[in-house]
Structures are given as C-alpha cells and as structure tokens.
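Structural characterization, general
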Protein chains: 2
Amino acid sequence: MSVGNVSKRILLGRKLRSSQLGETLLPKRVALPVFASDALSSVAYAPDEVFIMLAVAGASAYAFSWWIGLAVAVVMLTVVASYRQTVHAYPSGGGDYEVATVNLGRNAGVTVASALLVDYVLTVAVSISSASQYVAGAFPLLIGHEVAVAVVAVVALTAMNLRGVRESGTFFAVPTYLFMLAILGMCGYGLLRLLQGDLPMAESANLQIDPAPGWEGPLSQIALTFLLARAFSSGCAALTGVEAISNGVPAFRKPKSRNAATTLLLLGLIAVTMMMSVIVLANEMSIRYVDPHELDRLRTAAGSALPAGYEQHPVIAQIAAGVFDHFPPGFYFVLTVTGVILVLAANTAFNGFPVLGSILAQDGLAPRSLGSRGDRLAYSNGIVFLAAMSIILIVVFRAETTKLIQLYIVGVFVSFTLSQLGMIRHWSAALRIEDDPVSRLRMQRSRAINTFGLGMTAVVLVVVIITKFLAGAWITILAMGGFFLVMKGISRHYALVEAELAADEADKVMPTRVHAIVLAAKLHKPTLRALAFAKATRPNVLEAIYVSVDPVATNRLLDEWDERHIDVPLKVLHSPYREVVRPVVDYAHAIRTANPRGVVAVFVPEYVVGRWWEQFLHNQTALRLKTRLLFSPGVMVISVPYQLRSSEIAREREDREARRVHAGDLRRGRVRVGSDRQIEP
Amino acid sequence: MSVGNVSKRILLGRKLRSSQLGETLLPKRVALPVFASDALSSVAYAPDEVFIMLAVAGASAYAFSWWIGLAVAVVMLTVVASYRQTVHAYPSGGGDYEVATVNLGRNAGVTVASALLVDYVLTVAVSISSASQYVAGAFPLLIGHEVAVAVVAVVALTAMNLRGVRESGTFFAVPTYLFMLAILGMCGYGLLRLLQGDLPMAESANLQIDPAPGWEGPLSQIALTFLLARAFSSGCAALTGVEAISNGVPAFRKPKSRNAATTLLLLGLIAVTMMMSVIVLANEMSIRYVDPHELDRLRTAAGSALPAGYEQHPVIAQIAAGVFDHFPPGFYFVLTVTGVILVLAANTAFNGFPVLGSILAQDGLAPRSLGSRGDRLAYSNGIVFLAAMSIILIVVFRAETTKLIQLYIVGVFVSFTLSQLGMIRHWSAALRIEDDPVSRLRMQRSRAINTFGLGMTAVVLVVVIITKFLAGAWITILAMGGFFLVMKGISRHYALVEAELAADEADKVMPTRVHAIVLAAKLHKPTLRALAFAKATRPNVLEAIYVSVDPVATNRLLDEWDERHIDVPLKVLHSPYREVVRPVVDYAHAIRTANPRGVVAVFVPEYVVGRWWEQFLHNQTALRLKTRLLFSPGVMVISVPYQLRSSEIAREREDREARRVHAGDLRRGRVRVGSDRQIEP
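Figured I'd write up the structure that's included with this text. Remember, predicted model here, so these are calculated numbers, not experimental data.

Describing a nonpolar patch on the surface
All names here are of chain A. Taken together, the side chains of Phe469, Leu470, Trp474, Ile477 and Leu478 present a nonpolar region at the surface, about 540 Å² in accessible area. Along the chain, Phe469 turns up in helix H16 (residues 437-501). A relative accessible area of 36% places Phe469 in the partly exposed class.

If you want it as structure tokens, here you go:
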C-alpha cells in the first residue's frame, strides 16, 4: 500500500465518520437541556447562599437581595454575551482551555485546565451535597444523614459511569424540561397568588434573625460593602456551567454557531428568570434562612429560642411548601425534580472529566495513556479519581453546600477571565489580517463585548478571592497550584524524553548478528512452539537455556531433550541459590558484551490463562524476567504465547468489553461529540 | 557445549557449593540456641495457662498443677524420644511435611502442611501477645495498650525481615542462653530460698479465687476429669517448636544425626526442668492466677472485692518479683530476657514460613513462583501474608494469650501425630528389606518408640480437640481445611495444565512464514531500533504499522517517513474512536487467518524509564497491547527496549537489591540451611 493510498484511506475513513455524525446532530430543543442541566441546577442553591450571607446582618439586610440578584443577572448576561462571541469564533467547540492555550500560551492554558479540573470535582461535591439536602427535605427520616446520602449518590454515579451507562439526549431532556416546568410553574403560580393577594407566608416568616457577632447595630460603609460583596460572590455560583455550550458547538445542527448562540442566550434568560423569580418570591414570602451552623441565631417572633429539632429547608423547598400549601403533590414534584437535576449536573462532570483528561493527554499535560479513547482503563481511572476527590470533599465538609460553595466559584472565574482575555487577543489578531470593513466592524464589536466581559469577570474574580479566601478559596487555589505543577512537570518530562529519543541516522544501522536464546523451563508445548518460532526467525546462533536449580529435574530434562531429538543445543545455567532471573540476565549480558554490534533475542515461552486467579499460578517468573531484561541494552524480548483452553474465557470477555465500550462511545457521541476535538479538522 | 559437559558443570557447581557449606556447620553449643528459642519460650506462657484453667474450680485445684506439669513433661519426653528416631531416619532434615508425604501419601502431607502454615501464624500471634504482656509488666505505662504494642512488634519484625536482616547463630545464641540463665537462675535461687525457709509469698498469695459459675462445690468425677484434661491441653503449649531440630539435621557437625539427637534430648530436658521449676515455685509461693477477663473472681483475704486497677502479672513475673524482692535488677532482667526470647520465637516463624512456601511451591501445592529462592517478591509475599494474618488474630483476640492458646495446639499435634504415623510406616518399610539382625533390632526399637509416641500424641490430639473445640480450635480446623482445599486446588490446576501442555511431535513443526509488524507511534530512536532489529530477523514480510487517530499527526509521520528514506513500508490503520490496541490486534489476527501456518511477529518499541512515577507516563498502551496480543494464536510479541538515561537508576537499584538478597541468602544459610532441601541429594 503506497503512501498516497494511505492518505486516501484516512480521508475515506474520516468521511465515513463525518457522515455518521450527521445523523446525531442536535436541534436546539434537545441541545438546550443537554447543555443546561449544570447551569440551571445552580438555582437550587445560589439564592440560598445569597440569603445566608445577607442574614449575617439580620433579616433587614434581605432588602439587598434584589440588588444582589440583579447584579448576578448582569454578570450572567455579560458572560452569556461574551461566550456568544466565543461560539462564533470557535465553531469547533474550543472551550476555555483551548481559547486560553491558543491565544495566551501554554501557561494560561494549563492554569485554565487546573481550574477546570478543580471545578469538575466541586461540581460533583456541591451538586450532590445540595441534592442530599433536597432529598432530606422530602424524606425527613434522612435528616442528619446527608453525608451518607451524598456519598451513596456519588458511589452510585461512579458505578453507573464505570459500567459505561451513558445518557442520551432524551435522558437529559426530560428531567431538564421538567425542572424548568417545576421552577417556572411554581414561580408563576406563586406570583399569580401574590397578585391575587393570597400568597401565604413561608414557614420561617415569623422568625427573627439575630445578627452574627460583630455585625450588630448599624453597619459601617466598609462592612456593608464587604457583606454585599460576599453575598454577590456566593450568588455568582449561579454562573457555573454556562460555558458548557461553547464546548459543544459542533453538536448543533447547522448553522451551528448561530444555533449555539441562540441556545446560549435562551439558557441565560431562563437562568436569570428562574433566579430572580425565586428571589422575589422568597422576599414576598418573608423567608428566613441562615447558616445551618448558626440556627441559634433564629428566634421566634416572641423572641424566645427555637424548639429543638427545628429543621431549615432550602429556599425552593420553603417556597414550594407555601405556594403549594393546598396541593402537596406540587411540593414533592418540585423537590424531586430539583434533586434529579442536581444529580444530572454532577453527572456532566463525570462525563467531562475524562474528556478533559484525554485532551490534556494529547497535549502532553497528562499521562499519555489517558489520551486514547475507548480505553476503558484510562477512562475508569479518571472517573474513580473524580469520585474519590469529591467524596473526600463531601466528607470533610459534611455535605454542607454553604461551605463547599466557598471553594467553588474561584475556579469558574479564573477560567472565565482567562478565556475572555484570550478572546480579546483572538479578535485583535484577527483584526490585524482582516480588511473587509464589515467583518472588521463585527470583530471590533465582539472584542468590545469580550473586553467588557473581561472587566466584569476580573472584578468578580477579585471580589470572590477577597471575600472567600479565608473561607475556603485558599484550598481551591492550592489545589489549582498543585494540578498546575503536576501538569507542567509531566509536560517537561515528555519534552526531555522526546529530546533524548530524537531519531538519528546512526539508529538505522542493522545489528550484525542475532543470537537467539530460548528459555526452556520444561519440554512442553510452549517450549516446542518457542523453539519453532525462534528457528523461523533464522538467527545466527540459536540455543536453548535451562536454569538448573535441582539436579534431578535437570537430568530429566536433558534426557527428554535427547529422546525427542531436539536439534537445538540445550545449555544449562547453574543457579546455586534457585534464582532464575539473574543467571539469564547475566548470560544475555555476557553474549551482548562479547558482540556489542549484535543483538540478543530472548524467546520466552508463556502459556496464557484466562481466569484471574490463574495469573497468580503462572508466568510470574516470566513476567519478572521480561521486565528485568528490558533494562539490558541490545536485548530483544520475545513472548511466544501458548493459549490454554481457559484463555478463551478471557479473550471473549475482552471482546465483549471492547464491543461495549465501542457501543458506549457511539451513544456518547450523540450528546457530547462536541467536546471531542477530532470532529472538525 | 555438549550435554556431557553440562552435566559435569552441574556436578562441579554442586561440589563447590557443598564445600562452601562445610564451613558453616553448627556445633551443638550453637545449634541448641538456634533451634531452641521457639520451644523454650513457651515456658513463658504454658504454666500460666495451666493455672488459669485450674483456677476455674478455685485455688484448691492448684494442687493438681504438679500432676499436670508431670503429664506434660511425659508427653514432652515422649515426643523428644520419637523425634530422635526421625533424626536418625531422615538425616537430610525431613521435617514433618516430608515424613508424612513420603510415608503416608500426598493428602497426609498436605494436611501436615496446612497445620504448619496455621501454626506459623499462631506462633507469631501467641509469642508476640505474650511478649507484650511481659513488656507491660515491666513498663506499667503500657498496661491496656498490649494490642498496640503487639501490632507494632509484628510490624517491626515484618519490616526487619522484608529488609532482609537475617540473624546469625550468635544472634540467636546470646539471648537464648541468657533466657536459660535467667529462668534456671531464678528458679535455682528461689528453690535455695525455699530450702532456707525465706522464700517470700507472691503478691497474689493472699487472694481468694471464687470458682467460676457452675464449678462451685465439690466437683463430679466427670467435671474434674474435664477440668484436668483442659488444663493439660493448655500445658501442652510447652511442646510447640520441639520439632525444629528434626528439620535442621544437615546444619549440624558430623556425626550429624547423633549430634542432633543429643541436642534434642538436651532441649527436652531443659524445657522440662524449666517448666517444672516454675510450677513448683508458683505453688510454693501460692500464686493466684485467673483468666484476665474474670479478675472479679479474685477477692482479698478478707473476702472483699479487689481494688480497681488491680493488675495480674504473668507467673514468671510474679515469681521473679518474689524471688528477687531484694534485688530488682534480677526482676527486670528476667522480664526483659523473656520478652526478647518470645520475639525471637516469633521471628523463627518469619524465617520458616517462606521456606515452607518454597518447598510447597516445588511440590506444586503453592504458586510456583514462590519456589524460586532469592526471589525477593515471592519471599516478601510470604512475610506480608504471615504478618497480616497474625495481626488480624492479635487484634481480634485483643492480644490475649489465653484465647489464642485455644487455637494453637491443635495444629501442632496434628503434625506430631501424622509424623509419628509416618515414622511407623517408615520403619515397617525398612524392616521389610533389612536382613541384618542388629539393624532390625534397632529399627524395631525405633518403631516401638514411634508407636508409643503416636499413641501419646493421638490421645493428646483428641483431648485437645474435645476440650478446646468450642473455645477456638474450630477456627484452626477451619483454617487448616481452607489451606488444604486451596493447596489441593492448586495442585489439581497444575496437573490439568501439565496435561494440556504435554509435548507432541506436531509441535516441532516450524511456521512456514514470518510476517513482521513494527508498531510505529512516532519516528524516534526506539522505532528505528525496532525496525533495525526486525530487519535483522529476516522476516518474509516486514512492514511498519501506525494507528491513526489524528490526521495531522498522521501526515507528519508520513512526511518524516519519506524524508528519512525508511525502506520499510508504513501502513496506516484508521481508528475512528482513538483506540490503539484493537486495530492492531484485529490486523494481526487477519494476517494470521489468511496464513494459518505462518506466524505474526509484532515488534513493540518501548522505552525503559527508571523512576517509579515515570511508569505512569509511558508504555501503558504498549503494555496493554502486549497483554492483549498474548491471547491471539500464532502471534509473537517482541519488545524492543530502548533504555533512557533514567533507566540506569532502576538497573543499579535492581543490581544492588540482587546483591543484597544474595548476601542475605548466604548469611541465612548459616542458620537454617537444613530446611533447604537441596543440600543433600
């Protein structure tokens, strides 16, 4: 097959693949729920965090919640506007990592990658912790067992993902639309009741909130600013997941970029509507919500302490309880759907983490083996790592969303900010080569939007770092630093190895002589096969080697050798200490030293078994020998396998496994083919 | 090198080895302590157990302790007499396992092996638990932390043995002689003070013992018999370790058998003397000793309850405290030396366990890889397994010697009994071919002694099983059954595999054609080397294979291939799902299917790295590919290693390691060369 043919074949292969892909492109109505679960689900906890932060200064501070909500909405719409530019500029689904790498260089890319890795872990931890609070709200029996519920949920998600169960577009669409229906329906009905004047108060409406120690009395300007900044930072949790669509452009139907941009805008509007509606209703229903650790700051209207065992339910749960006070199924519907959407949001991290790992691996920032898809092992490693890290976070922070949220938002805004900066560079570079005034105008407009976005996200990032550093953001920053250093280290290592391995004309020189050694432990089928194979390679010298640890067995083998008229000489290496590996290694080394331009070919007969426990009973010495021989220069190690009947079990299992991974990949392709950078060349 | 030469070389090798061994043979004065620590150390806990069992019926039952002691002494001397016969019959150091296997067949041998494996674990657990009680006796601060002390001791022993620290004869001799000096000196001095009439009472002398519930009032004949039988069973713990010398005959100076027999007798006499002296002194000093869980059965002379925090010290500690009441250093000396000898006893198990594993592996009863000595990995596995099992026992039984002893003695007497039975068969077989009347008379005498020994040990075994079954012996029997089944299963598996692998003339047929494939991931040194090596094997077809997952990289490689004028065609396999392993496996399979009498030789370029973490960054795909290819019939897998500079680190480490193991083996040879079955052909 000539090189030209080969190229054609590649093209053909790719064509075939592209045509397959055509069938799986997503219309907007499916794309929205597929990419929205993460972003929309944050309405389940973001408003709560705003109220908790404001409550520090007492219930009167709740008056500011409107303003906080509006500020978050402005940031949200700015970010949406910015990403709409990204979507047009990178129709291949660049993602923050690629935008930063391409436009700002490797270090920025690695920084974004670190932030994304940390964020995947936190998405799982926060979403599942929040879900466990909703579950406990619906089933009071589980109150106090949130950590266990959350850990069980993560383990279940892990098992599902390890088993290769992949969600299809429909799998996403139904609960996401149900969630929109539930929240918007609840808010709509609540607002209707508000207009009719029969909106009931929340269960916590009559409670008083003592300000936290140090926040009593009229606040100074600085204290108030800090308080509002902190509440705003927490509210910005609503923005997590907005960037998902920009990764998924290739999965959209044509015109891809325009459809993606429209979907993004839609997502932003729905998210803002949901959040603002929740805040409005919470205010109208006089919800009282404080840090779950400081429930003693709540008092009854009469000023006395709360009864022991008072349970504070999430804001959405309190609203649902009030709005649907005559219709309990509505309450349970809202809680259930919210729990489900939070679990779905966590699941997106389980999908995204290994994909990011694979991209990083291809860029030499992660172990290269993670880069091959369909590779069950690498994929599993990523999933297990993500699960382990998030379980640690859940356990350490007792599944308390409020505490985890302190860690969450730094990473998101680091990647937002660097991504915007990258986009500005991108437009500037494009403008330098663009002459068409219409295009230039559009680019300048895009650059202006991204510049505004950069300013906004950078300010938010600074605010977040200042207000949350001690509360937990330092952990995130530390973790990001750790990931950063590891990735840089890996990259440096690969570069060093590549330099050491750079090809050289001298490397093409053929060895002058092949001295073949067949290891004979016994005279059985594998040995005979190895001898036959070795002969077939026509070496210059061929001999069999036996390591003698027992004279009786040695003599038996020598006799058998003669009886069977084996025409290959058998050399016995004496091993007084029953060592097998060392004498062979030394012998091979000696041959090579005597003839440094030749090669030693060591043939190792092996028999292949199928059951896991059989591994412990066979080939251990062969394995050690092969490993050890790899360190000897000028030695080739040839495994000549003999397949025992039981090996078929393993082969069939492998084949089944491979087919399943393959099928899983096809199905997965339906939903997030966009994050697969291979689609558009 | 001809076959004849080879045989000579083997003989030469063995001769050299035997001459080396001559220098390390042990005189009796060194052999005694080397083999005695396990047997002698049991005096530290066996008398205590007798007193505990008798105390069930109140202090008055202590009157029977003399008789129990005498009964144990009779069994001890009988066993010694029996093993003196074994020593003469098996100067090669047969050991119970070999005696049983040779004379009674494989099942008996496997039974003995199971018993020995369980006993090694229990030797560690019992000795270390007892040692921790002595340590707590000397350092009252540690009272209540015996489990922690014991676990730390096992971990320390494990680390020591994993590091390859081996004791020399002297290492054993000094503490063992000090222990004899301490116990015999203490007893001698105590008896002297007894004669002079100034032997003080023990600290516990004035206490009263309530009989255990159900044992009050005058005992029935049956109850009394059961009580004494149980106390006797516990006392038989003194016999553990007596068989050690019979394994070690080859390590003695000539006349080996006679010297070993003399040492054995000496050991028996010293052990009996120690035990009886301790029992006599304990009685004279009115020691009161009950199950540590039933301290509430102890009352003061006035009949009131004991003060809280009363600590019961081991019998030897109480005797030492009394005898050396004016000389505290004597007390501390006795306790320290006793603790040390117990740890040494545990260490003998750490030495013996892997050796037994290696013998079992050679007989196809354990994974074959355990059979190669100097094999650090196999050796380590045995040590870690032993440590883990004994730590589990220590933790489960809270380091309480009294409870562990219930598990201990069954295994010992199973192997005693089967060994005696084997010896009877041995003599009967020998008598059948012996004509010389003098020899016949000697053999008949030996057989009579072994028959008496069999009767004695069988009775004790039955007594032990009856009296201890529910108290814990069932665990031992279960564990022995487990080991038995595993060993039989392994043996059956090896037999099946051997049958499947039996050589056949057809297996000598040479493949007609070699189709060589070189995997090219990049065009670097390893690939060029693999190409050169592959060419040197002169295959019928040679081609390079590249699995394409990315068109850019593919085109780059194709260009490079042309630029460098590589004269091997490069074939590109398209992999739409970024899988690397499967396309290669499928391709190799297709070639083989097209030509079933040919062979596919897959050359895998690998680069060898040295640091542990580098393993994660390289060759993972190569490893998976090689593993997967082993399952394909008619495929040879050739690793062509390229050694990176960092690989030297690993090679040097391996060499150092190998040298150390080797040196360790030499040193170890000094002390228990006898258990190495290779010495006398």
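Let's talk about the nonpolar core
By size, the foremost hydrophobic cluster in this structure holds 155 residues, and its most contacted members are Leu40(B), Met186(B), Ile319(B), Leu360(B), Ile394(B) and Phe413(B). Looking at this core element by element, the count peaks at 17 residues for helix H6 (residues 106-138) of chain B. Excluding residues within four positions of it along the chain, Ile394(B) makes contact with Ala125(B), Ile128(B), Ser129(B), Val147(B), Ala150(B), Val151(B), Val154(B) and Ala399(B). Ranked by size, the runner-up nonpolar core spans 154 residues in total, among them Phe172(A), Cys187(A), Met275(A) and Ala349(A).

Focus: the pairing of strand E3 (residues 514-519) of chain B
Residue and element names in this part refer to chain B. Counting buried positions along E3 yields 6 of 6 residues, so the element is predominantly enclosed. Burial of E3 is two-sided: the residues Val514, Ala516 and Val518 facing one way and the residues His515, Ile517 and Leu519 facing the other way are all buried. In the sheet, E3 pairs with strand E6 (residues 599-608) via 5 bridges, with the strands oriented parallel. Looking at the pairing, His515 lines up with Val600 of E6.

Focus: unusual backbone geometry
Residues and elements named next belong to chain A. Here the bond from Lys254 into Pro255 is cis, since omega is -5 degrees, no more than 30 degrees from zero. Looking at the secondary structure, you find Pro255 in the loop between helix H10 (244-247) and helix H11 (256-284). Even without being a glycine, Arg538 presents a positive backbone phi close to 45 degrees. Relative to the elements of secondary structure, Arg538 occurs in the loop between helix H17 (525-536) and strand E4 (541-548).

Here we look at the environment of Asp198(A)
Tracing the backbone through its elements, the reader meets Asp198(A) in the loop between helix H8 (169-196) and strand E1 (208-209). Residues Asp198(A) and Leu356(A) lie 158 residues apart in sequence; the distance between their C-alpha atoms is 50 Å.

Considerations on the packing of aromatic side chains
Applying the stated criterion across every chain yields a total of 20 aromatic pairs over all chains. Each member of the aromatic cluster is reached from another via a ring pair, and the members are Tyr120(A), Phe353(A), Phe385(A) and Phe483(A).

Digging into helix H3 (residues 46-54) of chain A
Residue and element names in this part refer to chain A. The element H3 is extensively covered by neighbouring structure, given that 9 of its 9 residues are classed as buried. Of all the residues in H3, the buried ones are Ala46, Pro47, Asp48, Glu49, Val50, Phe51, Ile52, Met53 and Leu54. Looking at the buried residues of H3, the elements they touch are helix H4 (65-89), helix H9 (221-235), H11, helix H12 (315-323), helix H15 (401-433) and H16.

Cut-offs used in this document
Starting from 1, residues in each chain are numbered consecutively following that chain's sequence as written. Both sets of labels track the order of writing: A upward for chains, 1 upward for ligands. With the structure being a predicted model, the display of local features is reserved for residues of pLDDT at least 70 and the display and counting of side-chain atom pairs for 80 or more, all residues being used for whole-chain, interface and lining totals. Side-chain numbers come from the whole structure's heavy atoms, not from hydrogens or water. Like-charged residues are merged into a patch within 9 Å and nonpolar side chains (Val, Leu, Ile, Met, Phe, Trp, Tyr) within 5 Å, provided each residue has over 30% relative accessible area and no salt bridge. Note on areas: Shrake-Rupley, 1.4 Å probe, and residue coverage restricted to the protein chains presented here. A side-chain nitrogen of Lys or Arg and a carboxyl oxygen of Asp or Glu constitute a salt bridge if their distance falls within 4 Å. Going along the chain from the N terminus, every DSSP run of H or I of four or more residues is numbered as a helix, and every run of E of two or more is numbered as a strand. Note on exposure labels: buried denotes an accessible area under 20% of the residue type's maximum, exposed denotes more than 50%, and partly exposed covers the range between, all computed with a 1.4 Å probe on protein chains only. Put simply, buried Ala, Val, Leu, Ile, Met, Phe, Trp, Tyr and Cys residues joined by side-chain atoms within 4.5 Å make one nonpolar core. By the convention used here, residues are in contact when the closest approach between their heavy atoms is within 4.5 Å. At least two DSSP bridges between two strands are required for those strands to pair. For Phe, Tyr and Trp, where Trp contributes only its six-membered ring, two rings pair if their centres lie within 6.5 Å, and the inter-plane angle classes them as stacked under 30 degrees, edge-to-face over 60, or tilted in between.

Remember that the coordinates give geometry; whether it matters functionally is a separate question.
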